[in-house]
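# Breakdown of the fold
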Amino acid sequence: MRKSSNIQFIDLTLTKPSKKRTLDGISNLINKKNFIGGQEVERFQKNFQDFNDSKYCLGVGNGTDAIEIALESLGLPKKSEIIVPNFTFLSPAEAVIRGGYKLVLADIDLKDFNVSIESIKSLISKKTSAIIIVHLFGNPCNMSEILKLTKKYNIKLIEDCSQAHGAEFKGKKVGNFGDIGTFSFYPTKNLGAFGDSGAIVTNKKNLYEKAKKIANHGRIDTYDHILAGRNSRIDSIQAFVLNEKIKSLNKNNQLRIKQAKLFLKKIKAEKIRLIELNSNQHSVFHQFPILLEKRNLLAQHLKNLGINTGVYYPKPLSKMSAFKNLVSTNKIHSENSEFAAKNILSIPIGPHLSIKDSEYISNAIQSFEN
Ligand SMILES: Cc1ncc(COP(=O)(O)O)c(C=O)c1O
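Quick caveat: nothing in here was measured; it's all calculated off a predicted structure. All residue numbers here refer to positions counted from 1 along the written sequence of the relevant chain. Totals for whole chains, interfaces and linings use every residue, but because this is a predicted model, local features are given only for residues with pLDDT of at least 70 and side-chain atom pairs only at 80 or more, for both listing and counting. Remark: hydrogens and water are excluded; side-chain values derive from all non-hydrogen atoms of the structure.

## Regarding the site of the ligand
One heavy atom within 4 Å of a molecule or strand is enough for the residue carrying it to be called near that molecule or strand. All residues in the neighbourhood of the ligand are listed as Asn62, Gly63, Thr64, Thr88, Phe89, Ser91, Val134, Asp160, Ser162, Gln163, Ser184 and Lys189. By the criterion applied in these results, polar contacts are pairs of N or O atoms within 3.5 Å in which, for protein atoms, one can donate a hydrogen and the other can accept it, and in which residues neighboring in sequence qualify only through two side-chain atoms. At 3.4 Å, a side-chain N or O of asparagine 62 approaches an oxygen atom of the ligand. Take lysine 189: an N or O atom from its side chain is 2.9 Å from an oxygen atom of the ligand. Surface accessibility follows the Shrake-Rupley procedure with a 1.4 Å probe radius. Residue values consider only the protein chains on display as shielding. Here the ligand, which alone exposes 390 Å², has 92% of that area covered by the protein. Considered class by class, the residues forming the shell around the ligand number 2 nonpolar, 8 polar and 2 charged. Throughout this entry, Asp, Glu, Lys and Arg are counted as charged residues, while Ala, Val, Leu, Ile, Met, Phe, Trp, Tyr, Cys and Pro are counted as nonpolar. The remaining residues, Gly among them, count as polar.

Below, the structure written as structure tokens:
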């Protein structure tokens with residue numbers, strides 16, 4: 001065991017060469033007075049659509065807007081029911097409520113923290129118009145089973161890929177299974193900007209065209225607006241940063257995978273439950289969560305050894321004040337979501353760490369158990 005360490009949960013410090021390249025690039029955009037739209041945005045949309053093997057990509061303001069715009073583009077009947085996982089960052093649920101639909105919360109599977117297929121099955125009704133799945137922590141959902149359901153019941157599918165840039169199910173990139181895939185480039189994501197930004201991907205031209213209009217004031221030409229849209233655009237500076245950072249996304253994802261494999265091999269404690277992925281699920285390990293009853297004690301033990309951890313998420317959506325008035329009226333499944341919220345602990349993973357750091361983290365976890 002090392003004598004002293006300071007392992008951050010997240011560390012966004014730039015290397016010197018990368019900081020210089022970024023500052024030079026931003027300075028160049030300022031000199032050109034290129035702030036909204038333009039070449040960098042076009043280049044990023046092309047880069048990301050190629051990265052994701054998608055036909056279309058539209059840069060938007062952030063990952064939450066991406067879901068709201070995706071929902072609006074689908075033109076679903078107002079007040080229809082939309083199924084969302086109960087254990088996730090809250091954006092999909094916010095988008096459902098803000099769009100005027102009825103929120104239905106499905107439970108999760110503790111193997112990968114993704115939405116439970118059984119729960120979805122029992123929540124689908126004649127009023128269900130769509131499902132928003134989340135590929136949580138970088139783990140792709142079981143798309144074979146989900147597509148069986150969306151086809152059988154003729155319901156739309158949005159994939160929230162905000163934590164899963166590059167994840168694949170059966171060799172196909174997430175975001176390409178449903179009608180629309182949405183991404184966040186919040187700074188801490190596997191692909192993160194230096195501020196807010198997000199994207200929509202789709203393989204359907206009509207949905208791309210609709211989303212593009214909604215995100216840019218319904219504009220088809222200068223001062224020619226054909227619908228009441230909104231302003232949700234990626235700006236040139238964020239697009240430039242993302243164009244730089246996308247170059248190392250595959251390499252960084254590979255490092256995350258190596259770190260996660262080491263954790264899966266080395267952490268062998270009876271009281272700790274690790275994620276269980278099958279061979280179809282190619283995760284990009286945005287986070288590495290573990291489940292255990294004594295999470296606060298382990299967090300403190302790791303802190304004493306210089307390792308910082310995080311709890312994502314301490315509450316299921318059904319326990320949040322934002323949604324509490326829905327509990328008596330809406331269909332909600334919550335057993336595993338509540339269990340996860342109580343027992344989950346995320347240990348550090350990511351390109352700011354070396355394999356040696358991951359070894360140190362697994363040894364530190366083993367020393368807690370022994
Ligand atoms: C699963 C998920 N969905 C949506 C979002 C929202 O993204 P943004 O913060 O860019 O609006 C996030 C970001 O934290 C997320 O993790």
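Following the structure, the description resumes.
## With respect to the sheet that holds strand 6 (residues 168–169)
In short, DSSP must find at least two bridges between two strands for them to pair. For the purposes of this entry, the term helix denotes a DSSP run of H or I that reaches at least four residues, the term strand denotes a run of E that reaches at least two, and both are numbered from the N terminus. The strand order across the open sheet formed by 3 strands is 7-6-12, and the pairing between neighbours is antiparallel. Two strands in the sheet have a free side with no partner beyond their single neighbour: strand 7 (172–173) and strand 12 (281–282). Alignment of strand 6 against strand 7, held across 2 bridges, turns out to be antiparallel. Following the sheet pairing, phenylalanine 169 is matched in strand 7 by lysine 172.

## Thoughts on the environment of asparagine 304
Within the secondary structure, asparagine 304 is located in helix 10 (residues 295–304). Sequence separation between asparagine 304 and asparagine 6 is 298 residues, and the spatial gap between their C-alpha atoms is 10.0 Å.

## Comments concerning the packing of helix 2 (residues 39–51) against helix 8 (residues 236–245)
Every axis in this analysis is a line fitted to C-alpha atoms, fitted for helices over the stretch in contact. Angles between the N-to-C directions lie between 0 and 180 degrees. Interaxial distance between helix 2 and helix 8 falls to 8 Å at its minimum, and their mutual angle equals 40 degrees. One finds that helix 2 runs oblique with respect to helix 8. Here the hand of the crossing between helix 2 and helix 8 comes out left-handed. Counting all contacts with helix 2, which are made through Glu40, Val41, Arg43, Phe44 and Asn47, the residues of helix 8 involved are Ser236, Ala239, Phe240, Leu242 and Asn243. Residue classes in the contact of helix 2 with helix 8 are distributed as 5 nonpolar, 3 polar and 2 charged. Note on terminology: angles under 35 degrees are roughly parallel, angles over 145 are roughly antiparallel, angles of 65 to 115 are roughly perpendicular, and the others are oblique. Crossing handedness is defined as follows: a turn of the near helix away from the far one that is anticlockwise and smaller than a right angle gives a left-handed crossing, while the clockwise case is right-handed. Contact criterion: two residues are considered in contact whenever any of their non-hydrogen atoms come within 4.5 Å of each other.

## Thoughts on the nonpolar core
In plain words, nonpolar cores are sets of buried Ala, Val, Leu, Ile, Met, Phe, Trp, Tyr and Cys residues tied together by side-chain atoms within 4.5 Å. Exposed residues in this analysis have more than 50% of their type's maximum accessible area, buried residues have under 20%, and partly exposed residues fall in between, with area computed by a 1.4 Å probe over protein chains only. Core analysis: the biggest nonpolar cluster contains 38 residues, and Phe87, Phe113, Ile272, Phe288, Ile290 and Ile347 have the highest contact counts within it. Only helix 9 (249–266), strand 13 (288–291), helix 10, helix 11 (335–343), strand 14 (344–347) and helix 12 (355–369) provide two or more residues apiece to this core. Domain segmentation is taken from an automatic or database assignment of domains. Mapped onto the domain boundaries, this core takes at least three residues apiece from domain 1 (16–247) and domain 2 (248–369). When residues no more than four places from it in sequence are discounted, the contact partners of phenylalanine 113 are Phe87, Ile108, Leu136, Phe137, Ile275, Pro289, Leu291, Ala340 and Ile344. Counting residues in hydrophobic clusters, the runner-up holds 32 residues, among them Ile67, Leu71, Val84 and Leu105.

## A closer look at the domain arrangement of the protein chain
Partitioning the protein chain into structural domains gives domain 1 (16–247) and domain 2 (248–369). Each of domain 1 and domain 2 was reduced to a C-alpha centroid, and the two centroids are 24 Å apart. Summed over both partners, the interface of domain 1 with domain 2 comes to about 3800 Å²; 58% of that surface belongs to carbon and sulfur atoms. On the domain 1 side of the contact with domain 2, Leu110, Phe137 and Asn190 bury the most area, a combined 19% of that side's loss. For this analysis, a salt bridge means a side-chain nitrogen from Lys or Arg found within 4 Å of a carboxyl oxygen belonging to Asp or Glu. Applying the counting criterion to the domain 1 and domain 2 interface returns 1 salt bridge. The partner of lysine 331 in a salt bridge is glutamate 81, with the nearest N and O atoms 3.0 Å apart. On inspection of domain 1 and its partner domain 2, the count reaches 32 residue pairs in polar contact (both at pLDDT 80 or more). For the side of domain 1 that touches domain 2, the element with the highest residue contribution is strand 3 (residues 102–106), accounting for 5 residues. Buried area is understood as the total, over both parts, of accessible area removed when two parts are fitted together, assessed with a 1.4 Å probe.

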